[in-house]
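Secondary and tertiary structure notes
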Amino acid sequence: MTRRPYIVGNWKMHGTRAMLSEARAIDRAAQRHMKVEVALAPPYTLIHPIHREAEQIAVGAQDCHHAEGGAFTGDISAAMIADAGAKFVILGHSERRTGHGEVDAMVRAKAESALAAGLRIIMCCGESAETRESGKAVAFVNEQLKASLPLPTAMPADVAERLTVAYEPIWAVGSGTPATPADIGEMHAAIRALLIDLFGVEQGAEVRILYGGSVKPENAGEIFAVPEVGGALIGGASLTADSFMGIALAASEPFEN
Ligand code: PEP
C-alpha cells in the first residue's frame, strides 16, 4: 500500500457551533501532518461551517438517504450533503445498522446514491461479540461487506479513490477495548482478498481499509503497524484536536503496510 494513511473522525451526535474552534485546531494541525490524510465527519449541522473554513481537512457526513429527494421527513440526500460541502459519507456504521434497522440492501442503495452524487464512501462493516465468540467473524464480515457494497458494475472506474472500507467490530466501538492486532490483521487480510476478488488487483489492492473501535493515541502505533491497516475511523478520540491529532501523528510515523 503506497497511499497516505487516512484518519477520519466521526463526531457522531456531538457538536454545536461551540465545537468549530476544535475543528479549526484539527485543520491547522493537519497542515503540519501532510503525510496523513485527515478528514472529519461532524453532525449535518456543522458540515457547511467546517467546510467553509477548512484549508486542509475534508468534511463528510455520517449517513445519507438513498433517494435523491422526496417525501422523507427528517432525512437528507447525498446531493444535499455534497451541496453543503461534504466530500464523503460514512455508510453502514453499526450504530445505524442496529439503532435504525439498516439492512445490507439499504446500505448498498445509499452507497449507490452517494457515488452518483459524486461523493467518496466509507463503508463500515463489523461483527458482534456473539459472532466473534462463535468463530464466524470473518465469514460474517465477508458476507456483510459483499451485500452492502455496490455491485462491481455499479462502481466508478476509480474504485480505490471513491471507496474506503472501515472494519469496526461492534464490541470494540466505544468500549475502550480495541481488537487485538492479530484479529485486526486476520480480518483486514480477508477484506483485502474480497476487494481484489470484487474489483480486480489494480483497484482492489489500493482501496484503503481502516480499523475503527477504541483507537486512541496510546494504541494507534500498534494498530497502524498491522499489515493492511490503511488508517483509522475514530469516534470518541476525534472530539479533541489533541487526541485526534495524536493518532494522526502515530500514523505519520513509518508503519509497514
Ligand atoms: C466509531 O464510532 O466509528 C468509533 C470507532 O468509535 P470509537 O473510536 O469511540 O470506538
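A few points on the structure. (Residues numbered from 1 in each chain as written. Predicted model: local features only at pLDDT ≥ 70, side-chain atom pairs only at ≥ 80, totals over all residues. Heavy atoms only, no water.)

We now examine helix α11 (residues 241–252). Its 12 residues place the ends of α11 16 Å apart at the C-alpha level, agreeing with the 16 Å of an ideal helix rising 1.5 Å per residue. Turning to α11, its buried residues are Ala241, Ser243, Phe244, Met245, Ile247, Ala248, Ala250, Ala251 and Ser252. Residues of α11 that are buried sit in contact with β1 (6–10), α1 (20–30), β2 (37–41), α10 (217–224) and β8 (231–234). (Helix = DSSP H or I, 4+ residues; strand = E, 2+ residues; numbered from the N terminus. Expected span 1.5 Å × (residues − 1). Buried < 20%, exposed > 50% of the residue type's maximum accessible area, 1.4 Å probe, protein only. Contact = heavy atoms within 4.5 Å.)

This brings us to the side chain of Ser148. Mapped onto the fold, Ser148 is located in helix α7 (residues 137–148). Sequence-distant contacts of Ser148, defined by excluding residues within four places in its chain, comprise Arg97, Asp104, Val107, Arg108, Ala111 and Met123.

A word on α7. With 12 residues, α7 extends 16 Å between its outermost C-alpha atoms, agreeing within 8% with the 16 Å of an ideal straight helix rising 1.5 Å per residue. Here α7 has its buried residues at Ala137, Val141, Gln144, Leu145 and Ser148. One face of α7 carries all of its buried residues, which in axial projection span an arc of 95 degrees. (Arc of directions from axis to C-beta.)

By volume, the largest pocket is sized at about 400 Å³. The wall of the largest pocket is formed by 17 residues, among which Lys12, Gln62, Asp63, Arg96 and His100 lie closest to the centre. Classifying every residue of the lining of the largest pocket gives six nonpolar, six polar and five charged. (1 Å grid on protein atoms, 1.4 Å probe; cavity = no way out; pocket = protein on both sides within 12 Å on 5 of 7 lines; lining within 4 Å. Points joined across faces, edges and corners; volume = space filled by probe spheres on them. Nonpolar A, V, L, I, M, F, W, Y, C, P; charged D, E, K, R; others polar.)

Keep in mind that these numbers describe shape and distance, not what the molecule does.
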